[in-house]
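# Structure assessment
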Amino acid sequence: MVNVSEKFKELSMSNGREISCKIVAGGETFSDDRLIEFDFNDVVHQRRFTIGSACASRFTFSVRYSGELEVHDEVRPYISFDGGEWCPLGVFYVARRYVRGKYASIICYDKMYSLETEYVPRIYSPAKIKDILDDICQKHGIVCDANIEASEAVWIPYGSTVREVLGFIAGVACANAKFDREGKLSIKKCPQMNGFILPAKNCMHQSRNMSATKIGRLIVDTGSQIINIGRGGELSTIEIYNPLMTKSRAEDIIGIFSDIPFYGADIEMQGLLFLEAGDCIYMEDEDSNIYPIMVSEIDYHYDGGLTAKLYSKTRYYTEEEAYQDDLRNELEQIRASLGSFCFKSENRFYMPLISDDIEAASFDFETTISGSFAQGDVNFTVDGKGILEIKAYVNDRRLRTAVHEATGEKTIVHFYFLTDELPKGQNNVYVTIRAVDGIMSIDSGRLTAVLVCRGTAGKTLISNL
């Protein structure tokens, strides 16, 4: 949690609170008289709960301003409820800006966004993990107050990006890496419940999983071996790639998780800015029941008032609808008897491509036999210029990666993949896109994904993003 006074917390959680905002950007201070709105995406788990992530947080704002903010200008936003104590939201840097007349829209990311460059160590193997962290911090001007155990790395992960190496270091510490509200590198260890209870009165809507998740198994690909520790099914297993992980450390991590269940949840609520991604808190429902949750992501929105959406991301099974009309039920039975399905998905919203993986399409389905196969095709048009990377995953296992170059005009991209030997039961196939370099986007309705499957049955849920 962010270090603020008890008075700030009380004012933040009160009814009828008065909110003030200011943004210091490129030497200019924007107050409420010029600020139209802002969105702050504070994230530590992009898809589901894990360890070893190193995500960039995003801050976007619109103001009355006809001047010029330069790319990489520093941006520091603040919120106050009494005009005296100002809570920082973080330290961000301008990535893109758009000016129309007297209005400007600015897109910013924290320092993690700029750490996609290859890590070139100035130390030699074997080395202490703390020495690798110190090497990164000194080279990239990072302030880090985290305490890292002085365990030894057999070899330094050459060929990885700086951000990936920070994730490896955090993973060994049973944590995730992120930049805190002061712009310092934080190693958010988990799960560490801090005792804070999110009251139901501060929430407009809550939904949670019916059953708790309890991590009982850790599978680590180190690049030279597979470490498989603990016991558990799909929902209670964490799978990661981490060349710094050792078997003894993996055993320690499973011991940390052994007695801590938590729930997946989506919560629409008042914006409580002292909460941040990576916190482990409790949520209270309308019947005063208390449930532990992990804060995977918070989206804050300010337009004079401050609201938020909080996500605790866990794996879960999606139940089929209890009722279907007769015609639809008959169609499902016919399709199941034929054993073949064709699924289609398209993007409903504008997609700015960033250095983080963005889920472009996702297909959940059930196979009736082992050894069935699926073929996917993704076609989209890219606006902008740069290098983009597309990846296909099957049940969280990377299947195929492709790199394409956008030329600056509307570039048509075709990406395909084929997977066989699917296991019997629930399967998930999804595709991600990220910008390796440059500024690119995909307009709404300009991305179509098709998945053709053999040996499937039951209802299929498709995520149209």
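Report on the accompanying structure. (Residues numbered from 1 in each chain as written. Predicted model: local features only at pLDDT ≥ 70, side-chain atom pairs only at ≥ 80, totals over all residues. Heavy atoms only, no water.)

The helix and strand inventory of the protein stands at five helices and 31 strands. Over its C-alpha trace the protein gives a radius of gyration of 23 Å, about what one expects of a compact globule, namely 23 Å for 465 residues. Over its C-alpha atoms, taken along the principal directions, the protein stretches across nearly 70 × 55 × 55 Å. Taking all 465 residues of the protein together, the buried fraction comes to 49%. Long-range pairs, those at least 24 residues apart, make up 72% of the contacts in the protein between residues at least 6 apart in sequence. Across the protein, the 50 positively charged side chains and the 67 negatively charged ones have centroids separated by 2 Å. (Helix = DSSP H or I, 4+ residues; strand = E, 2+ residues; numbered from the N terminus. Rg over C-alpha atoms; globule rule 2.2 N^0.38 Å. Buried < 20%, exposed > 50% of the residue type's maximum accessible area, 1.4 Å probe, protein only. Contact = heavy atoms within 4.5 Å. Lys, Arg positive; Asp, Glu negative; His and termini not counted. Charge placed at Lys NZ, Arg CZ, Asp CG, Glu CD.)

Turning our eyes to something else, we now look at a nonpolar patch on the surface. Together, Tyr124, Val154, Trp155, Tyr158 and Tyr241 make up a nonpolar patch on the protein surface, roughly 640 Å² of accessible area in all. Within the secondary structure, Trp155 is located in the loop between β10 (152-153) and α3 (162-172). (Patch = residues over 30% accessible without salt bridge, like charges linked within 9 Å, V, L, I, M, F, W, Y side chains within 5 Å. Areas by Shrake-Rupley, 256 points an atom, 1.4 Å probe, with all protein chains shown as cover. Salt bridge = Lys/Arg side-chain N within 4 Å of Asp/Glu carboxyl O.)

Before going further, it helps to spend a moment on the nonpolar core. One finds Phe38, Phe61 and Leu275 to be the most contacted residues of the largest nonpolar core, which totals 49 residues. Ignoring any residue separated from it by four or fewer positions in sequence, one finds Phe61 in contact with Ile23, Ala25, Phe30, Leu35, Glu37, Phe38, Leu69, Val75, Ala104, Ser105, Ile106 and Cys108. (Core = buried A, V, L, I, M, F, W, Y, C linked by side-chain atoms within 4.5 Å.)

Here the focus is the packing of aromatic side chains. Enumeration over the complete set of coordinates arrives at 20 aromatic pairs. Ring pairing ties together the aromatic residues Phe30, Phe38, Phe40, Phe59, Phe61, Tyr65, Phe92, Tyr300 and Tyr302, which thus form one cluster. Over the face of the ring belonging to Tyr78 we find Lys22, whose NZ or CZ atom lies 5.5 Å from the ring centre. Looking at Arg208, its charged tip hangs above the ring of Tyr291, at a distance of 3.8 Å from the centre. (Phe/Tyr/Trp six-rings, centres within 6.5 Å; stacked < 30°, edge-to-face > 60°. Lys NZ or Arg CZ within 6 Å of the ring centre and 35° of its normal.)

For the rest of this paragraph, the subject is the sheet that holds strand β20 (residues 290-294). Pairing is mixed across the open sheet formed by three strands, whose spatial order is β13-β19-β20. Edge strands, defined here as strands with exactly one partner in the open sheet, are β13 (193-198) and β20. Strand-to-strand, the axes of this sheet are offset by a mean angle of 30°, without reference to chain direction. Sheet topology note: the strand β19 (residues 280-284)/β20 ladder contains five bridges and is antiparallel. Among the inter-strand pairings, Ile281 is bridged to a residue of β20, identified as Ile293. (Pairing = 2+ DSSP bridges. Axes fitted to C-alpha atoms, helices over the stretch in contact; angles between N-to-C directions.)

With that settled, consider the state of the cysteines. Counted according to the given criterion, the structure contains zero disulfides. No disulfide involves Cys453; its sulfur sits 8.6 Å from the nearest other cysteine sulfur, which is in Cys342. A relative accessible area of 2% means that Cys453 is categorised as buried. (Disulfide = S-S within 2.5 Å.)

For residues other than glycine, phi is negative in most cases, and the peptide bonds are mostly trans. In this structure, His72 is a non-glycine residue whose phi angle is positive, near 85°. A positive phi is found at Asn395, a non-glycine position, where the angle reads about 55°.

Turning to the pairing of β19, a few remarks are in order. Pairing of β13 with β19, which is carried by three bridges, proceeds in the parallel orientation. Residue pairing for β19: Met193 is matched across the bridge by Cys280. Where β19 hands over to β20, the hairpin turn is made up of five residues, of which Ser288 adopts a positive phi near 70°.

What follows covers the sheet that holds strand β17 (residues 237-241). On the basis of which strands lie adjacent, the open sheet formed by three strands has the order β16-β15-β17 and mixed pairing. Both edges of this open sheet fall to β16 (226-230) and β17, since each of them pairs with a single strand only. Across this sheet, the average inter-strand angle for adjacent strands is 10°, counted without regard to direction. Where strand β15 (residues 217-221) meets β16, five bridges bridge the pair, whose relative direction is antiparallel. Note that in β16 the partner of Ile219 across the bridge is Asn228. Against the sheet, helix α4 (residues 247-257) contacts β15, β16 and β17, and its axis sits at roughly 30° relative to β16.

This part covers helix α2 (residues 129-140). In this model, α2 (12 residues) spans 17 Å end to end at C-alpha, consistent with the 16 Å of a helix rising 1.5 Å per residue. Here the buried face of α2 lies against β9 (127-128), β10, α3 and β12 (185-189). Gly141 sits one or two residues past α2 and shows a positive phi near 65°. (Expected span 1.5 Å × (residues − 1).)

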